[in-house]
Amino acid sequence: MITWIIIIIMTVQTVNQQTNSMMDFKNMSPLKSNYSSESTRVSDMEIYNYLINEKKLDKNKSIGILANIKGESDFRIGVTEKTDAANKGIGLFQFTFPTRKSGLLKKVPDYKTNWKGQIDYFLSEPEAKGYLKQNFNTGDEAAEYLMNNNLRPRKDLRPGRTEEHSKYIQKFIQTLTK
């Protein structure tokens, strides 16, 4: 009897995984080369244009946000952190702190598909308001400030993240100038 229950559970899980995979495939953008079945992606240029044109942020602040999204979620909209931790990060910014995470879930219940809602929520947070008041000379400076004062990944991850930010920013700026 237990064997049959296990077989049924495994079959249901397999069907669910296949269904989710098919649904993600339908939503996949043809421009996304590093597609993950875990979550659809939004392009960095789409976010950049949103930050510049609709949110009226300057270039350096916008690039600082992009670099941190790249480091936190790799632009996967509805991603959940892969970890054994009880409080897993979610979304573009990998919200983990309970009040921030519950705030996102309350304000943007469709966060798994609503990247603009995630960004709007992020920009409304007290930590982001401090970021928005700053003047940055470079995107790297903005990314570093945002990482250390707002997103605050584990301290041992920060040197590597700074290096990733710099590489990403350099590549993104090259894209802008083409």
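The sections below set out a description of the structure shown in this document.

Cut-offs applied
Residues numbered from 1 in each chain as written. Predicted model: local features only at pLDDT ≥ 70, side-chain atom pairs only at ≥ 80, totals over all residues. Heavy atoms only, no water. Helix = DSSP H or I, 4+ residues; strand = E, 2+ residues; numbered from the N terminus. Buried < 20%, exposed > 50% of the residue type's maximum accessible area, 1.4 Å probe, protein only. Contact = heavy atoms within 4.5 Å. Areas by Shrake-Rupley, 256 points an atom, 1.4 Å probe, with all protein chains shown as cover. Phe/Tyr/Trp six-rings, centres within 6.5 Å; stacked < 30°, edge-to-face > 60°. Lys, Arg positive; Asp, Glu negative; His and termini not counted. Salt bridge = Lys/Arg side-chain N within 4 Å of Asp/Glu carboxyl O. Polar contact = N/O pair within 3.5 Å; in protein donor to acceptor, adjacent residues only side chain to side chain.

**Describing the overall build of the protein**
Each helix and strand counted, the protein has eight helices and zero strands in total. Along the protein, helices and strands appear, N-terminal first, in the series α-α-α-α-α-α-α-α. Across the 178 residues of the protein, 39% fall into the buried class. Of the contacts formed within the protein by residues at least 6 apart in sequence, a portion of 53% connects residues at least 24 apart. For the protein, the accessible surface area stands at approximately 10,900 Å², while carbon and sulfur atoms represent 55% of it.

**Focus on the packing of aromatic side chains**
Per the counting criterion, the structure on display carries ten aromatic pairs. With a centroid separation of 5.9 Å and an interplanar angle of 20°, the aromatic rings of Tyr 168 and Phe 172 are classed as stacked. Here Phe 172 and Tyr 168 lie together in helix H8 (residues 158-177), a separation of four residues that amounts to about one turn. Neither Tyr 168 nor Phe 172 differs from the other in exposure class; each is buried. Here the aromatic cluster, defined as three or more aromatic residues joined through ring pairs, consists of Tyr 48, Phe 75, Tyr 168 and Phe 172.

**A closer look at the side chain of Arg 158**
With respect to the helices and strands, Arg 158 occurs in helix H8. An unpaired buried charge is present at Arg 158: no salt bridge exists, and Glu 144, the closest side chain of opposite charge, is 7.7 Å distant. In terms of polar contacts, Arg 158 uses its side chain to reach the backbone carbonyl oxygen of Pro 153, at 2.7 Å.

**Quick notes on the pattern of salt bridges**
Side chains that differ in charge, positive against negative, can pair when their charged atoms come close. Here the structure, examined in full by the defined rule, presents nine salt bridges. Residue Arg 41 is joined to Asp 74 by a salt bridge in which the shortest nitrogen-to-oxygen separation is 2.7 Å. Of this pair, Arg 41 sits in the loop between helix H1 (2-27) and helix H2 (44-54) while Asp 74 is found in the loop between helix H3 (59-73) and helix H4 (98-107), placing the two residues 33 residues apart along the sequence. As a salt-bridge pair, Asp 74 and Lys 70 come within 2.6 Å of each other at their nearest N and O atoms.

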